[in-house]
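Residues per chain, in single letters:
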Amino acid sequence: MSEKIFERLNDASGVYFEGRLIERRRTPFQLLEVYETDELGRIFRLDGFNMTSERDEFFYHENLVHPAAAAHPHPRRALVIGGGDGGSSEELLKHSTLEVVHMAELDPDVIEISKAQFVKVHRGVFANPRLKVTVGDGLAYLRSTGVRYDIVCMDLTDPVGPSLELYSPATFALARGAMAPGGALTLHIGSPFSHPARVRATLESLRQVFARVNTYFVHIPLYGSIWGFACASDSLDPRTVSPEEIERRLAERGVGDLQYYNGEVHRAVFALPNYIRELVR
């Protein structure tokens, strides 16, 4: 039986889809739900928030990963904090230069459900020998690891409730400590239209830690809004890499099957409308 799947963007607006519940599971960490919809295929929800869908996952995962990964001249190691659906790891492993992608996911049920229900998102990445999966607290891993990563990707839920700590200067400093020279942190920062205070606060926290914080924005159908991302680094600046160089690197690394990202898009996403310029300056 079909029902309306609602998600609030803020106290005044939201987005909904028609869908049928496939699975609901309460874990020690959160409520997991899977719905089947005509618009977006299967949708994965955590604690009532839409995380990913089969049809539009590339809007989010390609833009979370590739602007930083392609701008890096030779990324060899990447760390994904969260990202248990496998989508961001799958995008990273398209880069042949990457020797290992290490996923640190808190909730093993997210991985279990994703393996079973969201093959169209992860495309079998969990069987890739270059993917290492650790189940546990990503912050604890950042505190203890001696490995240094070229790309650190925070693929997390929104900064609401307990997740707010994950977007603090202290957490960003932990990520910076796990980065190799020339490395970059990439993450989503919310909607500039529906969450302007959240976007501003996250950028202020990033700027306390990193010398360079570049923002870019993409419409994501599942989220019902234009959505923000940030690439933070002490030295890497993706805006300085030309579309031609991006295309060369993608070809050289064998990066294919991209539905959104290319060299021209790489340049275009950093062009900001005036209302966003005012917000992020």
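As shown above, the structure is provided for reference.
All values reported here derive from a predicted model rather than from experimental measurement. (Residues numbered from 1 in each chain as written. Predicted model: local features only at pLDDT ≥ 70, side-chain atom pairs only at ≥ 80, totals over all residues. Heavy atoms only, no water.)

## Observations regarding the nonpolar core
- Of all hydrophobic cores here, the largest spans 45 residues; its most connected members are Leu 92, Val 101, Leu 131, Ile 220, Leu 222 and Phe 229.
- Residue assignment for this core shows that the elements contributing at least two residues are strand E2 (14-26), helix H1 (57-71), strand E6 (77-82), strand E7 (100-105), strand E9 (149-155), strand E11 (212-220), strand E12 (225-233) and helix H8 (243-252).
- Here this core takes nine residues from H1, the largest share from any one element.
- The residues contacting Leu 131, other than those within four sequence positions of it, are Ser 89, Leu 93, Val 101, Met 103, Val 125 and Phe 126.
- One finds Tyr 141, Val 152, Leu 203 and Val 280 within the second-largest nonpolar core, a separate group that totals 32 residues. (Core = buried A, V, L, I, M, F, W, Y, C linked by side-chain atoms within 4.5 Å. Buried < 20%, exposed > 50% of the residue type's maximum accessible area, 1.4 Å probe, protein only. Helix = DSSP H or I, 4+ residues; strand = E, 2+ residues; numbered from the N terminus. Contact = heavy atoms within 4.5 Å.)

## Quick word on the environment of Pro 238
- With respect to the helices and strands, Pro 238 occurs in the loop between E12 and H8.
- Overall, the relative accessible area of 0% leaves Pro 238 in the buried class.
- The spatial distance from the C-alpha of Pro 238 to the C-alpha of Pro 221 is 25 Å, given a sequence separation of 17 residues.

## Let's talk about the side chain of Thr 186
- Examined against the element boundaries, Thr 186 turns out to sit in strand E10 (residues 179-190).
- Classification of Thr 186 by relative accessible area gives buried; the value is 0%.
- A distance of 2.7 Å separates a polar atom in the side chain of Thr 186 from the backbone oxygen of Leu 64.
- Those residues in contact with Thr 186 that sit more than four places away from it in its chain are Leu 64, Ala 68, Ile 151, Val 152, Cys 153, Met 154, Tyr 216 and Ala 230. (Polar contact = N/O pair within 3.5 Å; in protein donor to acceptor, adjacent residues only side chain to side chain.)

## So, the side chain of Ser 191
- Looking at where Ser 191 falls in the secondary structure, it is placed in the loop between E10 and helix H7 (196-207).
- For Ser 191, a relative accessible area of 0% translates into the label buried.
- Separated by 3.0 Å, the side chain of Ser 191 and the backbone nitrogen of Ser 194 make a polar contact.
- A polar atom in the side chain of Ser 191 sits 2.7 Å from the side chain of Ser 225.
- Discounting chain neighbours no more than four positions away, the residues touching Ser 191 are Pro 196, Val 199, Ser 225, Ile 226 and Trp 227.

Scope: geometric values only; no functional claims are made or implied.
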